[in-house]
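Here is how the chains run, residue by residue.
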Amino acid sequence: MNYRITHRTKYVYSEPVAVSHHAARLRPRDTDTQVCREFGLSFDPEPDLTTQHTDSFGNQVSCFSIQKLHARFEVVSRSFVSLTSVLQPDPAQTPAWEDVAALFRDPVAVDLLDPCQFVFRSPLLVHEMPQREFALPSFKKGRPVLAAVADLSRRIHREFVFDPRATTISTPLSEVLANKRGVCQDFAHLAIASLRAMGLPARYVSGYLRTRPPPGKARLVGVDASHAWVSCFVPGFGWVDFDPTNDCFTSLDHITVALGRDFSDVSPVRGIITGGGKHSVIVGVDVEPVE
Amino acid sequence: MIFRTQNSTSTASAAARAAASCADLAGVKGHYDELRDPAGKVMAHYEALIADLKKRDALGVKRLSDTARRLLSERGVSFNVYSAKGGMDTPWMMDPVPFVISAKEWEGIEKALIQRATLLNAILVDSYGPQQLIKRGDLPAALVLAQPAYLRPCHGIPVPGEKPLQVYGADIARSPDGQWWVIADRTQIPTGAGYALENRLITSRLLPEVFRDARVRRLAGFFRQMQQSLAALAPRRVEEPRVVLLTPGPYNETYFEQAYLARYLGYTLVEGEDLTVRDDRVYLKTLSGLEAVDVILRRVDDDFCDPLELRNDSMLGVPGLVRAVRAGNVALANALGSGLAEAPAMMAFLPGLCRKLLNEDLLMPSVATWWCGQETPMREVEQRISSLVLKSAFRVRGREVHFGGNLSAAEHAALLERMRFAPDRWTAQEQITFSTAPTWEDGKLVHKPVSVRVYLVATQDGYMVMPGALTRVAPSLDSPLVSMQKGGSSKDTWVLSDGPVENVTLLSATRTPVELRRVGHNLGSRVANHLFWLGRYAERAESTARLLRSTLLRCSPESGMSETPLLLPLLEALRSLVIIEEVPSATLLAAQQEQIEARLLQAIFDADHPSSIRSNVAHIQRIGVLLRDRISVDTWRVISQLSDALDAADNSASVTPMSDALNVLTRIILELASFHGLAKENMTRAQGWMFLDMGHRIERTVYISELLLAGLRSADAENPSLLEAILEVGDSTITYRNRYSLLPQLAAVYDLLMLDELNPRGLRFQFQRIEGHFRHLPREQNSALLTPAMRVLIENSTRLQLCDPTELARVEPGQWSATQVAKLLQQLIDAMPQLSDALTAGYFAHSTISSSGDVAPADPAPPR
């Protein structure tokens, strides 16, 4: 499956900005099942300085600075990505969740250090006992880890209402848990905190989701958005991605861009400006399937 | 209770008792006694000090402690300075009796702490590099990966000389058996070295003889090493690298210390917004443009240092800083992320790590520590919980501390449940019963528990220990914590020397001949702005005080308002300067005397009145705080006395409020005169002085013009008594009498207060000064054409110059505002905001930074 993806981020400022610095994580990652064949960024105005580096999670980061007065700024990423089918392990055949959690109690084997960093609290997510209580019904004694995860995903999907007006980027998890409303970011965060509260590693994945037009309708261009889901660790297999917003394991519809402990590690475009007064951000994403 | 005399029932004089107290001061059971050996003999290293104290009677020792308090307050030494309501706040507490450590004892401490600094540095280098320690299992993975202080964006960034730990502070304390223990490590921002220096300065003044004779080691060498070490970090190979001290700002609890250290070390004190990153380099915004910065000594928490790549919920830092560090264009001390090594949990692993990394045994033990993330220690902690202190394993904001022994059964159970939920977040430590040292309290010497913070700085081949320390004194024997925030005090720490004491000064560090220069670094824009406003507020306070004083003098009850015609023009002047709100008509004046008096008093004392003297003084002090590293101790003293003058208002019945107010005003005027005098005599005529003086002159122009405009509008303008009052407000009476033997005449007054370029109170003088300064400003110098501000200046200055005083004084028919003189004055008044705006736009403009917003993934409602 191939996709041509356009991701447009436009800032408009009420007063001119003297200096702006941005860090973007927009390049789709190369994974076992995904190859980013083409990637390019274009800007308006052109930055005075751009640099690239790979962050500690392996995401490619582009940094760009504009050092002259500007009243707006637009960055557009265009990528071409090929996906191959994901081979999912049979949930029933995965190890008991308790055995997985035990691997991440000290001392941790050296080959598990990478997943191990996703078992602790992270900048936006401090898992506490309420998340454990929420998770517990899914984690019955001796249940295979992926079966428990699938159940957790099902429960989030069933018990929570998708409501873009209910939360903002900084709504704490406790509120999401209390109101049972939110967007994909909230559901991903809730699932991650629940897994960590059970002693299991979990990562935040940012990316895109192919949207399918209703039967008989044409695909609308530019109405897609960035999406977020969760990756959990299955010993002997590796990371398995699931999407609690849509209650599914990820498939050929999910394009991975960046990985981290929570949203703060993978924010697609983050900027700090000097001056600028009030500002607005417009984001447009288009995910076009290509045969 | 500690102070026991053999004859405690005696009613002998306090003097005799205090003298005896030194000899009889007994230790406290269960604590190590720093003063005496077990046989009760004063330790050799305390002898000289005790002998000196013995020579003083109780009053003498009290005097020491009073002097200490006075010096600290005059020097403005404070801890958590500046609350929103304008107070200068918690003064720094220092006990005049120093803590003394023998040369031999110190040798051991020194060796142990150098080893520890080396070890902690090695842990940092590994954690931000190969991570062998966690890979080999020498350190639990959580001690790096779970730490909020582990800054992932900084992983893999090479650090100059592999020394992320440039400055290190260790809190040490002594248990009852005489053993020293490390109770806390400070690897991120070791605060307090500046307070240690300040304590030394004052204690050496209080006890000069014994300080000299006891061979106390000096501190300056340590700070000189710090200058050299930081300079050596500079990535650019330049003769004199630019080092700045990055402060979170005046609301930070140790802001005083930061300003003090910056001044002492010769660094520019900067806030995040003073710096900018261009082309991956850090620059300081100065009046002449951007200046490259090589090294940043930071007092901003590392996760706040760059909102772009680190936490973005605080704007204290410098966006792009991590990139500049990654590009190798700037060095930070301590390196970003160095807080990782100071986690309390780390202490549990130091003995093993020391053997692994340094092949040595740890010389000074840490207080016994268990990290609960491991099963066996956790079980041990559960069993011994009532004798332990439970705290966060890692340094996090708002971390908790629980004393196991103080917990109720319910609290105990709740805490255990939380610990079992996330054991890796918890650490347990034993409590050490601190040793006690003699301390002066409430008129007697008593024993108080102490802990000592020792400072180290990196050198080329290791670490150097400051031969002295910040000793902190717990408020009471049973107080489990030593904290300056919770009522603790501090002491100077005397490390004695076996040999002669080295004398070092921070200056003259090299033998190469100094390259002479006449200018300092370019002034930072923010500092220029503060100086400009300091000048304005100081002049505003003075002019207001003068005008109010002359007004009060003329509405005293004795004059029975007989001077009404004189009073009215002065009140008008006050009104046009927005110092009072309204002026009654002439006929009502006598009837409203009380209200007028009340309003005048408000204009002096009322803190809520925006242009009262008190408000102006508050502004002066607020700016003074911001300029702590720039203004002399004497100037600071004058500034703090301004509010003393206002607070000293005598409320006793023998003094009427009006005559008391007159005294206050006179004192204010004199304090401000010394402020201006100090500025004039102490500041080199460089950029800083220019901005202070421009503020001063612009404000004075407004005041004199408003005074003349409002005061001479009256039909009585020719009245010699009124003119006398005007001359008095303008402080030109003497000059006038000197020149004219006649009663004041209008033309002569105009000449003196407007046109005479030699009268420092005259308008023309102000214009000449402002113009002179403007010509030296970088932008004006670089501009081929006249800048708009310069145009305004020349235009008005010429207008003044061309005036003929006799012309101005000619009575013109019609409206006052249409007269030549009124029009001229109004033009001058209008010109001032233009000048001020030009300065703001050209030199002070600095914008704040903000996040342009993360965009949350907001997927379209998925089809269900």
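A few points on the structure. Just so we're clear, the structure is a prediction, and the values are computed from it rather than from any experiment. (Residues numbered from 1 in each chain as written. Chains lettered and ligands numbered in written order. Predicted model: local features only at pLDDT ≥ 70, side-chain atom pairs only at ≥ 80, totals over all residues. Heavy atoms only, no water.)

1. So, helix H18 (residues 613–626) of chain B
Working step 1: Helix length check: H18(B), at 14 residues, gives a terminal C-alpha distance of 20 Å against a target of 20 Å (1.5 Å per residue), a fit within 8%.
Working step 2: A large share of H18(B) lies buried, amounting to 10 of its 14 residues. (Helix = DSSP H or I, 4+ residues; strand = E, 2+ residues; numbered from the N terminus. Expected span 1.5 Å × (residues − 1). Buried < 20%, exposed > 50% of the residue type's maximum accessible area, 1.4 Å probe, protein only.)

2. A few points about the side chain of A:Ser206
Residues and elements named next belong to chain A.
Working step 1: Positionally, Ser 206 belongs in strand E8 (residues 202–209).
Working step 2: For Ser 206, a relative accessible area of 8% corresponds to the buried category.
Working step 3: Leaving out residues up to four positions away in the same chain, Ser 206 has contacts with His 227, Ile 255, Thr 256, Val 257, Ala 258 and Val 266. (Contact = heavy atoms within 4.5 Å.)

3. Some thoughts on the pattern of salt bridges
Residue and element names in this part refer to chain B.
Working step 1: Throughout the structure, instances matching the rule amount to 63 salt bridges over all chains.
Working step 2: For the salt bridge of Arg 536 with Glu 699, the shortest nitrogen-to-oxygen distance reads 2.7 Å. Of this pair, Arg 536 sits in helix H15 (residues 525–553) while Glu 699 sits in helix H21 (residues 687–711), and the two are 163 residues apart along the sequence. The residues Arg 536 and Glu 699 share a single accessibility class, namely buried.
Working step 3: Here Arg 614 and Asp 647 are joined by a salt bridge, their closest N and O atoms 3.2 Å apart. Residue Arg 614 is found in helix H18, and its partner Asp 647 is found in helix H19 (residues 633–647); the two are separated by 33 residues along the sequence. (Salt bridge = Lys/Arg side-chain N within 4 Å of Asp/Glu carboxyl O.)

4. Observations regarding the pairing of strand E13 (residues 269–275) of chain A
Working step 1: Of all seven residues making up E13(A), seven are buried, and the element is well covered by its neighbours.
Working step 2: As defined by bridge partners, strand E1 (residues 2–24) of chain A adjoins E13(A) across seven bridges and the pair is classed as antiparallel. Considered in E13(A), the bridge of A:Ser20 is made with A:Ile273.
Working step 3: In this sheet, strand E20 (residues 849–851) of chain B lies alongside E13(A) in antiparallel orientation, the contact comprising three bridges. Bridge pairing in E20(B) places A:Ile272 opposite B:Ser851. (Pairing = 2+ DSSP bridges.)

5. Thoughts on the environment of B:Ala117
Working step 1: Topologically, B:Ala117 is positioned in helix H4 (residues 103–127).
Working step 2: For B:Ala117 and B:His609, which are 492 residues apart along the polypeptide, the C-alpha to C-alpha distance reads 54 Å.

6. Points about the sheet that holds strand E12 (residues 254–260) of chain A
Residue and element names in this part refer to chain A.
Working step 1: Across the sheet, which stays open at both edges, the five strands sit in the order E11-E10-E9-E8-E12 with antiparallel pairing between neighbours. In this open sheet, the two edge strands, each paired with only one partner strand, are strand E11 (248–249) and E12.
Working step 2: Across the face of the sheet, helix H6 (residues 184–197) comes into contact with E8, strand E9 (226–234) and strand E10 (238–243) while running at roughly 15° to E9. (Axes fitted to C-alpha atoms, helices over the stretch in contact; angles between N-to-C directions.)

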